[in-house]
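An overview of the molecular structure
Each chain is listed here by its residues.
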Amino acid sequence: MAARGVRFSFGIMDSLAAQLAGVPTAMLHLDVDAMCAACDAVAPLADRLGVPRPVPHLAGLTYVHASTLGVPVHITPDAEEPWAEPCIHSPEDIDRLAEPADYLAAGLVPRRLALAAELKRRRPNASGSIGHDLEGPVTTAALMMGPSFFMLPYDDPERAHKLLAFCTRSSISYCRVLNARTGSSPDGGHVGFPDDFAGMLTPPLFREFVLPYWRTIFEEFKATRRSLHCELLHPEHMPFLEELRIDDYDPSVDQYLPAEALRQHCRVPYGLRIWPAWVQDKSAEELVAMYRRFAADQPRYIMFHLHRLEDEPKIAALLAVARDLANA
């Protein structure tokens, strides 16, 4: 099949912007000066590549909602990425869970709201985002309980449902409170969320412990377009995406779903990614040939990023073929 009109998505990684600015990546979560410096430092690179300059922003974070539920999230200047530790240490702790009285005063939210406000004051074109509005319930449960959560459906299914129902209800409440603060709402429009750890559950468990909670989120917001990011699904999970009427599936760098498996098993629109390791290890010619093969499958989009400055020539070659095929 000829590749025609295949959209692409490209971005320059925050870690590279921080490197160019001479600041630790973690400071893009912590310091407005660092955020502004990174944005300024990456502008010439964006101009050379012919892509829009990134707007000033806090580094992306999926842990904000979990932090409001008591999950300690550590962001230190010497760590490359934030990391979280469990707050549920026994199944009995699940019986005592309660939503915070004020999500805007809980966890990381006040600090990130203050940083976003200061960034907006300094740079009016800045993004006001403090992180993902919605995180999938299985990932939230795993952040709260750690790896032991994945034994809970076997050992104590009633509490597994109780925790997942709590995570789902809480994510909806958090999203509504945050959207009320920003004056936006997903109701009756596009609703999407990441839930990478959901793929850890086998298809029989997936039907019982994932499907109802994903469905609740989509239905609660009356989604007219449903998107999902999940990196650990297998071919056996693909029929569930049809059942949920997913409009846009992002498998990201799912090791179990290479392009060939998606072509064979996925019946909903999906995107493909050029993995960072491929950009690092392959030649520009090999990457361009791979992009053309991917585009022939007519995915919804193809996504790639620049992680290392030394890969700029390869990314320039990918951008050239991406633009050519997008306009075909």
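Computed from a prediction, not measured in an experiment: that's the story for all the values here. (Residues numbered from 1 in each chain as written. Predicted model: local features only at pLDDT ≥ 70, side-chain atom pairs only at ≥ 80, totals over all residues. Heavy atoms only, no water.)

A short note on the sheet that holds strand 7 (residues 272–273)
- The strand order across the open sheet formed by three strands is 1-8-7, and the pairing between neighbours is parallel. Each edge of the open sheet is held by one strand with a lone partner, namely strand 1 (7–12) and strand 7.
- Strand direction decides the pairing type here: strand 1 and strand 8 (residues 301–306), joined by six bridges, are parallel. Paired with F8 across the strands is I302, a residue of strand 8.
- Sheet contacts for helix 2 (residues 32–49): strand 1 and strand 8; angle to strand 1, the most-contacted strand, approximately 150 degrees. (Pairing = 2+ DSSP bridges. Helix = DSSP H or I, 4+ residues; strand = E, 2+ residues; numbered from the N terminus. Contact = heavy atoms within 4.5 Å. Axes fitted to C-alpha atoms, helices over the stretch in contact; angles between N-to-C directions.)

Concerning the packing of aromatic side chains
- Evaluated as defined, the whole model comprises 12 aromatic pairs.
- With a centroid separation of 5.4 Å and 40 degrees between ring planes, the pair formed by F10 and F304 is classed as tilted. Pair noted here: F10 is in strand 1 and F304 is in strand 8, with a separation of 294 residues, a long-range link. Exposure class is identical for F10 and F304. Each is buried.
- Considering the side-chain rings of F150 and F197, the 6.1 Å spacing of their centres and the 65 degrees angle between planes classify their relative orientation as edge-to-face. Placement of F150 in the loop between helix 5 (137–145) and helix 6 (152–155) and of F197 in the loop between strand 4 (190–194) and helix 8 (203–209) is noted, with a sequence separation of 47 residues between them.
- Accessibility expressed as a relative area gives 15% for F150, which makes it buried. (Phe/Tyr/Trp six-rings, centres within 6.5 Å; stacked < 30°, edge-to-face > 60°. Buried < 20%, exposed > 50% of the residue type's maximum accessible area, 1.4 Å probe, protein only.)

Let's talk about the pattern of salt bridges
- On inspection of all chains with the given rule, the structure shows 20 salt bridges.
- In this structure, the salt-bridge partner of R273 is D250, at a minimum N-O distance of 2.6 Å. With R273 in strand 7 and D250 in strand 6 (residues 248–250), this pair connects stretches of sequence that are 23 residues apart.
- Since its relative accessible area comes to 18%, R273 is described here as buried.
- On the accessibility criterion, D250 (9% relative accessible area) is buried.
- The network of salt bridges with shared partners includes D33, E118, R121 and R122. (Salt bridge = Lys/Arg side-chain N within 4 Å of Asp/Glu carboxyl O.)

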